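Listed here are the chains, written in short residue letters.
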Amino acid sequence: SMLEDVIPSIAMPDYVSYSAWESIGATPDQLFRDLDDLQKRFKGHAMVGEFGFDRGLDQSAAEHARSVVSTMRRANVPYAIWWQIFDQPPLAGLNDKGLYGLFDDHKKLTAPGKAFLDSLPSR
């Protein structure tokens, strides 16, 4: 696997990007364990390369966004990339609604987008 065979044989990368789709679908504890393990393996050089929630399929998308950001902060993950800034048409074969955006197709902030932005530290 990449984690066991490839990455350990190269110089420490600037960051290891983790696609968190399976972890965010599990419990917050599972996400924390996965992220904590990556942070330990890569000495704090792990980031979440993609995550998000289709609010057309997940009626709790906003709460899930808030929970995931809280878990990432608890695991000391310095960077995370939300899957889509704006809603997009559904992807063929994925059975999604395409409503992953922080903003809808009218450029209005979505409930998950608000939860995500409210979860970030104030500057």
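For the structure itself, consult the block above.
First, a word on what this report is: a plain description of the structure on this page. Residue positions within a chain follow its written sequence, with the count starting from 1. Totals for whole chains, interfaces and linings use every residue, but because this is a predicted model, local features are given only for residues with pLDDT of at least 70 and side-chain atom pairs only at 80 or more, for both listing and counting. Excluded from the side-chain calculation are hydrogens and water; included are all heavy atoms of the structure.

1. A look at the packing of aromatic side chains
To keep things clear, this is the line we draw: In this analysis, rings of Phe, Tyr and Trp, with Trp reduced to its six-membered ring, are considered paired at centre separations within 6.5 Å, and the interplanar angle assigns stacked below 30 degrees, edge-to-face beyond 60, and tilted for intermediate values. Numbering of helices and strands runs from the N terminus; a helix is a DSSP stretch of H or I covering at least four residues, while a strand is a stretch of E covering at least two. Burial classes follow relative accessibility: with a 1.4 Å probe on protein chains only, a residue under 20% of its type's maximum area counts as buried, one over 50% as exposed, and anything between as partly exposed. The criterion for a charge sitting over a ring is simple: Lys NZ or Arg CZ within 6 Å of the ring centre, and within 35 degrees of the ring normal.
Summed over all chains, the structure comprises eight aromatic pairs. Where Tyr15 meets Tyr79, the ring centres are 5.3 Å apart and the plane angle is 85°; that geometry is what we call edge-to-face. One end of the pair, Tyr15, is in the loop between helix H1 (2-6) and strand S1 (16-19); the other, Tyr79, is in the loop between helix H4 (61-74) and strand S3 (80-82), and 64 residues separate them in sequence. Ring geometry for Trp82 and Phe116: centres 5.2 Å apart, planes at 50°, overall tilted. With a gap of 34 residues between them, Trp82 in strand S3 and Phe116 in helix H5 (residues 111-119) connect regions that are remote in the sequence. What makes Trp82 buried here is its relative accessible area of 6%. Ring-pair connections join several aromatic residues into one group, and the members of that group are Phe51, Phe53, Trp82 and Phe116. Above the face of the Phe32 ring, Arg74 is positioned so that its terminal group lies 3.9 Å from the ring centre.

2. Section: helix H3 (residues 28-41)
For clarity, the cut-off: A helix is expected to span 1.5 Å for every residue after the first. Working definition: the arc comes from the directions between the helix axis and the C-beta atoms, pointing outward to the latter. Contact between two residues is taken to exist if any of their heavy atoms lie within 4.5 Å; hydrogens are not considered.
For H3, which comprises 14 residues, the first-to-last C-alpha distance of 20 Å matches the rise-based estimate of 20 Å (1.5 Å per residue) to within 8%. When we look at burial in H3, the residues that qualify are Leu31, Phe32, Leu35, Leu38 and Gln39. Seen from one end, H3 has its buried residues packed into an arc of 135°, which puts them on one side. Its buried side turned inward, H3 meets H1, S1, helix H2 (21-24), strand S2 (46-51) and H4. Immediately downstream of H3, the backbone of Lys43 shows phi near 50°, a positive value.

3. Details of the sheet that holds S3
To keep it simple, the criterion reads: Should DSSP find at least two bridges between two strands, the strands are regarded as paired. Helix axes are fitted only over the stretch in contact, all axes being lines through C-alpha atoms; the angle between N-to-C directions runs from 0 to 180 degrees.
Strand order in the open sheet made by the three strands is S1-S2-S3, with parallel pairing throughout. Edge positions in the sheet fall to S1 and S3, since each of these pairs with one other strand and no more. For this sheet, the mean inter-axis angle between neighbouring strands, taken without regard to orientation, is 20°. Strands S2 and S3 of the sheet are contacted by H4, whose axis makes an angle of about 170° with S2.

4. Side note on H4
The first and last C-alpha atoms of H4 sit 20 Å apart over 14 residues, in line with the 20 Å expected at 1.5 Å per residue. The inward-facing, buried residues of H4 contact H2, H3, S2, S3 and H5. Where H4 ends, the next residue or the one after it, Asn76, has phi of about 60°, a positive value.

5. Focus on the side chain of Asp54
Applicable threshold: Working convention for charge: Lys and Arg count positive, Asp and Glu count negative, and His plus the chain ends are omitted. Between Lys or Arg on one side and Asp or Glu on the other, a salt bridge is scored when a side-chain nitrogen of the former is within 4 Å of a carboxyl oxygen of the latter. Throughout this description, a polar contact denotes any pair of N or O atoms lying within 3.5 Å of each other; where both atoms belong to protein, one of them has to be capable of donating a hydrogen while the other can accept it, and for residues adjacent in sequence the pair is counted only when both atoms sit in side chains.
The topology assignment puts Asp54 in the loop between S2 and H4. Arg55 is the oppositely charged side chain nearest to the buried, salt-bridge-free Asp54, at an N-O distance of 6.3 Å. A distance of 2.6 Å separates the side chain of Asp54 from the backbone nitrogen of Lys97, its partner in a polar contact. There is a polar contact of 3.1 Å between the side chain of Asp54 and the backbone nitrogen of Gly98. In contact with Asp54, not counting residues within four places along its chain, are Asp96, Lys97, Gly98, Leu99 and Tyr100.

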